[in-house]
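# What the coordinates show
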Amino acid sequence: MRLAELSERSGVSTATIKYYLREGLLQPGRRVSATQAEYGEDHLRRLRLVRALIQIGGVPVAAAREVIAAAEDESLDHYLRLGAATRALPCPEEPAEDDPAVETARRSVEALLERLGWPSGPDLDMFNPAHRRLIDSVAALARLGYPCDTEHLLPYGQLAAQLAVTDLDMVEEQPTPTGQIEAAVALTVLYEPVLLSLRRMAHAEEAARRF
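As the structure is a computational prediction, the values presented were derived from the model and not from experiment. (Residues numbered from 1 in each chain as written. Predicted model: local features only at pLDDT ≥ 70, side-chain atom pairs only at ≥ 80, totals over all residues. Heavy atoms only, no water.)

Turning our attention to the packing of helix α5 (residues 78-87) against helix α10 (residues 177-210). Packing of α5 against α10 brings their axes to within 9 Å, and their N-to-C directions diverge by 35°. As α5 packs across α10, the resulting crossing turns out to be right-handed. Contacts from H78, R81, L82, A85 and T86 in α5 reach P177, Q180, I181, A184, V185 and T188 in α10. (Axes fitted to C-alpha atoms, helices over the stretch in contact; angles between N-to-C directions. Helix = DSSP H or I, 4+ residues; strand = E, 2+ residues; numbered from the N terminus. Left-handed = near helix turned anticlockwise from the far one by under 90°. Contact = heavy atoms within 4.5 Å.)

Right, here's the structure in full:
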C-alpha cells in the first residue's frame, strides 16, 4: 500500500507517519521511485504499536523507540518484552525516603507482597515502577490517617491478582508477539478508567443498599 492508504487504514495522519519514519519508530517502506515507497501489513502493525505507546500510553518518543527495540529483540523472552512496554508507561516520581509516611507505606506494601506471594525487595522499584506508585498512594493514605495496613490492602491485592488473569487472557488472544505487546499497553491504559468507573458505580449501588 502507499502512504495515503497506510494512513487511512491505521488512522494515523501522513504527517505523523513521516515523523515516525524520521524518528526511527517505523521501518522504511520499499522504494518504488525516488519519491514513493510501498508499505505492508508489518508497517500497519508497527503503527498500531507506536500509537498505543505514544497516543494512548503517553510514552515519550525516546522511550517508545526503546520499547519497540525490546519488542523486536527475539533474544529476549516474551515476559521481558511485555515488561519493557508496560514499564515505559509514565509514573510519578519516586517518593521521598525521609518521609515517615513513606516508610510506613513501604512496610505495609512489603508485607502485602509477602502475603500475596509476589516478589519484593530493595530493587523492585527499579524493575517495576508500579511498586513506587503503590508506595506513594499508600503513603498518602497514611498521612491522612486512613486505614492502609496489610489487612486493609490485602483484598485489593487479591482482586488485582484475579484481574491480571483476565487481562493476560485478553493479551494472549492476539496472534503475534508484537500484537500482544501492543495489547498489553493499550489494555493497561484503557481498562484502568473502566475499573475506576465500575468501582464508583459499585459504591453507589452498595451505598443505596446500605443507607
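Summarising the element assignment, P155 is placed in helix α9 (residues 150-172). In this structure, the C-alpha to C-alpha distance between P155 and D136, residues 19 residues apart in sequence, is 19 Å.

In this section: the layout of surface pockets. Of the volumes computed, that of the second largest pocket is approximately 230 Å³. Considering the residues around the second largest pocket, the lining is formed by R2, L3, A4, K18, L21, P28, G29, R31, T35, Q36, A37 and Y39. Only α1 (3-10) and α2 (14-22) provide two or more residues apiece to the lining of the second largest pocket. Here the lining of the second largest pocket is composed, by residue class, of 6 nonpolar, 3 polar and 3 charged. (1 Å grid on protein atoms, 1.4 Å probe; cavity = no way out; pocket = protein on both sides within 12 Å on 5 of 7 lines; lining within 4 Å. Points joined across faces, edges and corners; volume = space filled by probe spheres on them. Nonpolar A, V, L, I, M, F, W, Y, C, P; charged D, E, K, R; others polar.)

Before going further, it helps to spend a moment on α1. Every buried residue of α1 is accounted for by L3, L6, S7 and S10. Buried positions in α1, seen along its axis, are confined to an arc of 100° and lie on one side of it. Looking at α1, the residues exposed on the side facing more than 90 degrees away from the buried face are A4 and E8. Where α1 is buried, its residues touch α2 and α3 (41-56). G11 occupies a position one or two residues after α1 and carries a positive phi of about 80°. (Buried < 20%, exposed > 50% of the residue type's maximum accessible area, 1.4 Å probe, protein only. Arc of directions from axis to C-beta.)

Attention now goes to the side chain of R81. Inspection of the secondary structure assignment puts R81 in helix α5. Those residues in contact with R81, other than ones at most four positions away along the chain, are A70, A71, E72, D73, E74, L76, P177 and I181.

L6, I17, Y20, L25, L47, L53 and I54 are the most contacted members of the largest nonpolar core, which has 33 residues in total. Broken down by secondary-structure element, the contributors of at least two residues to this core are α1, α2, α3, α4 (61-71), α5 and α10. Of all the elements, α3 adds the most residues to this core, at 7 residues. Ignoring any residue separated from it by four or fewer positions in sequence, one finds Y20 in contact with V12, L25, L26, L47, V50, I54 and Q55. The next biggest cluster of nonpolar side chains, apart from the first, holds 13 residues, and it includes A105, A139, L153 and L154. (Core = buried A, V, L, I, M, F, W, Y, C linked by side-chain atoms within 4.5 Å.)

Attention now moves to the packing of aromatic side chains. Applying the stated criterion across every chain yields a total of 1 aromatic pair. An angle of 50° between the planes, with centres 6.1 Å apart, marks the rings of Y19 and Y20 as tilted. In this structure Y19 comes out as partly exposed when scored by relative accessible area, which is 31%. (Phe/Tyr/Trp six-rings, centres within 6.5 Å; stacked < 30°, edge-to-face > 60°.)

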